[in-house]
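The chain contents come next:
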Amino acid sequence: MKTKRILCALLGAVMAVSVLGGCSSKEPASSTPDSQGSSTAASSPDNSGTEENTPVTVFCPNTASMPMTNDILVVQQLSEITHTDFDFTVSPSTGTGEKFNLMMSSGEVPDMVIYVSDPILKYYKAFAPLNDLIHDYCPNYEKLMEENSFLRKDLTSADGNIYTIQSKAAFRFANAVIVRQDWLDKLGLSVPTTTEEYYQVLKAFKEQDPNGNGEADEIPLIASDARRGDAESPGLSMFDASFGIDEDFYVSDDGSEILFGATDPRMKDALAYLNRLYSEGLIDQEYLTRDYSTIDGLISESRAGMWIAWGIGVEEAASIQDENADLAVILPPIDESIGKARVYSQMPQTRTNAVAVSKDSKVKEHIMSIWNYVFSEEGTQLMNFGVEGTTYTMEDGKPVYTDEILKSEDGPLGAARKYGINTWLPHNQLASAEFGRTAGEGKFEAAVSFYDPYIVEPVPALKFTDEEKSTITSVYDGEIKTYLDESLDGFITGKKPLSEFEDFVAQLEKMGIEDILKIYNDAFQRYKAL
């Protein structure tokens, strides 16, 4: 994740497919394996100091913001405790996908591959099924799956095997609408709840000079650098929920099937609303091309009134060049046609950062013992807080980050990552760690609780057969997605009249969207049957 101070308090550029995030505002007692059977002795190889280290070759991305080498503190601790010599083949963020594909195509797969689950599973035949290995050598992860049934279901492939170990998120909440509460107060406005109230608030932000500089330079609503956004933010598509849909694949209200929102008649209403906002200058006119550094700058310069981003950004008022800046998390607007708030575009509880084991590895059991330690109580603390005395201290029996983390120029998350905390390595994320890296005002923790009742569960990690994958790749990932994105942005900006919406739906159907939807529903029924 990026270390940008407001829009992206979590890294998304590297984790372009929703790698890290969370699952409830409080940590249940069962969220980590209990101490019985989870101590260092029980969950890692012999720690007597006489055991020779086992060499393990590893592929893993390596970036400036999320380094992964033997020099990293958490990796050093993991190596020492599990008696492992990690031999990293690391790849920078640019070109990682290409390097991964070349490696897999060569057939020279290292013992352990740490990457994103979807690319790994594309080459599942190169990896060892982990079902029995987890049961026999990684009981802490087995227990985590027992306590969180969705985890086992998310990891089980179409052939019934598990090929990856992946992180469990601390909570479901990720994205939010953040507003300048001080602007609302200054203009005597209440927190908007309906689509019309949102319109009136954004109009006031544009016309009434809430930043007080005497210039009409406010941008009422800023979204990410695309309508759909990316792993960091859902962009303007978060407002689709105002009309009871998500523009992509989503789960029906009764949980019985997968739907596709872009062809729903309510999508036309959502697009009409966004077009109204855009045509009146209430949405950033450059939303399609803004990069994150520019967006951060606009927020910092006190020009943005409302934005869609990671909810943790609600703690970042100090980064705004206005000593009176005050931020609040609010729900997306509610259209009178649906009558209740809902939030799509949140992250699944099973993170996509994953580890797989080569089917040809001679050290499979040892690798499982490494991850058994990682998911032990002690290992969970290491992955979330680092090393006592350096990155955290114990206060009243609880770990608290040191100033090495909290007062770093890199920001708390950026500093934590450089020590190896909360990185690519799959682990059991703790809410206390996520909250502990904020400004300490408690707004982020409150936002997690506030949003949770309104979150609609995202489409789970569906597993497709090889034939289904081939159809999705050839039919949906290319032509349909390109046409979909261009058309929806065209409707919002007015380049494509809404009178052509029915033709747009007909074209998607002609391209085969119904066939893709059937594949999704077939996979969804298999998932529910697990």
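An account of the accompanying structure is given in this report. (Residues numbered from 1 in each chain as written. Predicted model: local features only at pLDDT ≥ 70, side-chain atom pairs only at ≥ 80, totals over all residues. Heavy atoms only, no water.)

1. Here's the deal with the nonpolar core
To keep it simple, the criterion reads: Joining through side-chain atoms within 4.5 Å is the link that ties buried Ala, Val, Leu, Ile, Met, Phe, Trp, Tyr and Cys residues into a set, and such a set is a nonpolar core. Three exposure classes are used, based on accessible area relative to the maximum for each residue type with a 1.4 Å probe and protein chains only: buried under 20%, partly exposed in between, and exposed over 50%. By definition in these notes, contact holds between two residues if any of their heavy atoms fall within 4.5 Å.
By size, the foremost hydrophobic cluster in this structure holds 167 residues, and its most contacted members are Phe 127, Tyr 141, Ile 165, Trp 371 and Phe 504. Once you skip the residues sitting within four places of it in the chain, Trp 371 turns out to touch Met 112, Ile 114, Cys 138, Ile 165, Val 355, Leu 425 and Pro 426.

2. Concerning the pattern of salt bridges
Short version of the rule: The salt bridge criterion pairs a side-chain nitrogen of Lys or Arg with a carboxyl oxygen of Asp or Glu, the two atoms within 4 Å. Think of it this way: any DSSP run of H or I at least four residues long counts as a helix, any run of E at least two long counts as a strand, and we number them from the N terminus.
Considering all chains together, one arrives at 20 salt bridges under this definition. Glu 207 is the salt-bridge partner of Lys 203, the closest N and O atoms lying 3.0 Å from each other. Separated by four residues within a single helix, Lys 203 and Glu 207 lie in helix H9 (residues 195–207), roughly one turn from each other. Glu 286 is the partner of Arg 290 in a salt bridge, and the nearest nitrogen-oxygen pair spans 3.7 Å. Among the ionic contacts, a cluster of salt bridges with common partners joins Arg 172, Asp 452 and Glu 457.

3. Describing unusual backbone geometry
For Asp 209, which is not glycine, the phi torsion reads 50° and is therefore positive. Examined against the element boundaries, Asp 209 turns out to sit in the loop between H9 and strand E6 (219–222). Not every positive phi belongs to a glycine, and Asn 422 is a case in point at roughly 55°. Relative to the elements of secondary structure, Asn 422 occurs in the loop between helix H15 (411–418) and helix H16 (431–436).

4. Notes on the sheet that holds strand E3 (residues 112–116)
Here is the rule we go by: Note on pairing: DSSP must find at least two bridges between two strands before they are called paired. In this description, a line fitted to the C-alpha atoms serves as the axis of each element, helices being fitted only across the stretch in contact, and the angle between N-to-C directions of two axes falls anywhere from 0 to 180 degrees.
The strand order across the open sheet built from five strands is E2-E1-E3-E11-E4, with neighbouring strands paired in mixed fashion. Every other strand in the sheet has two partners, leaving strand E2 (84–91) and strand E4 (165–168) as the edge strands with one partner each. Within this sheet the neighbouring strands show an average axis-to-axis angle of 25°, counted without direction. In this sheet, strand E11 (residues 350–357) lies alongside E4 in antiparallel orientation, the contact comprising three bridges. Looking across to E11, one finds that Ile 165 is bridged to Val 355.

5. Some remarks on the packing of aromatic side chains
Test applied: Each Phe, Tyr or Trp ring, with Trp reduced to its six-membered ring, pairs with another whose centre is within 6.5 Å; inter-plane angles below 30 degrees give stacked pairs, above 60 give edge-to-face pairs, and intermediate values give tilted ones.
Tallied over the full model, the rule gives 31 aromatic pairs. On the basis of an interplanar angle of 65° and a centroid distance of 4.6 Å, the ring pair of Tyr 141 and Phe 375 is categorised as edge-to-face. You can see Tyr 141 sitting in helix H6 (residues 139–147) and its partner Phe 375 sitting in the loop between helix H12 (364–374) and helix H13 (377–385), a full 234 residues away along the chain. Ring centres 5.5 Å apart and planes at 5° place the aromatic pair Phe 171 and Phe 435 in the stacked group. Within this pair, whereas Phe 171 is found in the loop between E4 and strand E5 (175–180), its partner Phe 435 is found in helix H16, the two being separated by 264 residues in sequence. Comparing Phe 171 with Phe 435, the two get one shared label, buried. Grouping aromatic residues by their ring pairs yields a cluster made of Phe 171, Phe 173, Phe 435, Phe 444, Phe 450, Tyr 451 and Tyr 454.

6. Structural notes on the sheet that holds E6
Taken together, the four strands give an open sheet; going across it, the order is E6-E9-E5-E10, and neighbouring strands pair in mixed fashion. In this open sheet, the two edge strands, each paired with only one partner strand, are E6 and strand E10 (327–330). If you compare each strand with its neighbour and ignore which way they point, the axes differ by 25° on average. As defined by bridge partners, E5 adjoins E10 across four bridges and the pair is classed as antiparallel. For Val 177, the partnering residue across the bridge sits in E10 and is Ile 330.

7. Considering the packing of helix H2 (residues 73–82) against H12
Note the following rule: Any angle from 65 to 115 degrees is called roughly perpendicular, while one under 35 is roughly parallel, one over 145 is roughly antiparallel, and all others are oblique. Helix crossings get a hand from a simple test, with the near helix turned counterclockwise from the far one by less than a right angle marking a left-handed crossing and a clockwise turn marking a right-handed one. Only Asp, Glu, Lys and Arg are considered charged, only Ala, Val, Leu, Ile, Met, Phe, Trp, Tyr, Cys and Pro nonpolar, and every remaining residue, Gly among them, polar.
Their axes nearest at 10 Å, the elements H2 and H12 cross at an angle of 120°. Viewed along their axes, H2 and H12 adopt a mutual orientation that is oblique. Considering only the axes of H2 and H12, their crossing is right-handed. Across the interface between the two elements, Leu 78, Ile 81 and Thr 82 of H2 pack against His 366, Ile 370, Tyr 373 and Val 374 of H12. Among the residues making up the contact of H2 with H12, the classes are represented as five nonpolar, two polar and no charged.

8. Here we look at H13
An α-helical turn contains 3.6 residues, so a residue and the one three or four places further along point in the same direction. Those residues of H13 not exposed but buried are Gly 379, Thr 380, Leu 382, Met 383, Asn 384 and Phe 385. Considering only its buried residues, H13 is in contact with H2, H12, strand E12 (392–395), strand E13 (398–401) and H16. Immediately downstream of H13, the backbone of Gly 386 shows phi near 90°, a positive value.

9. What to know about the side chain of Thr 63
Applied cut-off: The term polar contact refers here to a pair of N or O atoms within 3.5 Å; inside protein, the definition further demands a hydrogen-donor-capable atom paired with an acceptor-capable atom, and it admits residues adjacent in sequence only when both atoms are side-chain atoms.
Tracing the backbone through its elements, the reader meets Thr 63 in the loop between strand E1 (54–61) and H2. A residue is classified by how much of its surface remains accessible, and Thr 63, at 8% relative accessible area, is buried. There is a polar contact of 2.9 Å between the side chain of Thr 63 and the backbone nitrogen of Met 66.

10. Quick look at helix H10 (residues 265–279)
So the rule is basically this: Multiplying 1.5 Å by the helix residue count minus one yields the expected span of that helix.
Taking 1.5 Å per residue as the helical rise, H10 with its 15 residues ought to reach 21 Å, and the 21 Å between its terminal C-alpha atoms agrees with that figure. Tucked inside the fold, the buried residues of H10 contact H9, helix H18 (466–493) and helix H19 (501–511). Sitting at the head of H10, Asp 264 places a side-chain oxygen 2.8 Å from the backbone nitrogen of Arg 266. Once H10 ends, the next one or two residues include Gly 281, with phi positive near 75°.

11. Overview of the pairing of strand E9 (residues 304–310)
A large share of E9 lies buried, amounting to seven of its seven residues. The pairing of E5 with E9 spans five bridges and is classified as antiparallel. Counted as the bridge partner of Asn 175 is Trp 310 from E9. Examined bridge by bridge, E6 and E9 share three bridges and lie parallel to one another. Following the sheet pairing, Ile 219 is matched in E9 by Ala 304.

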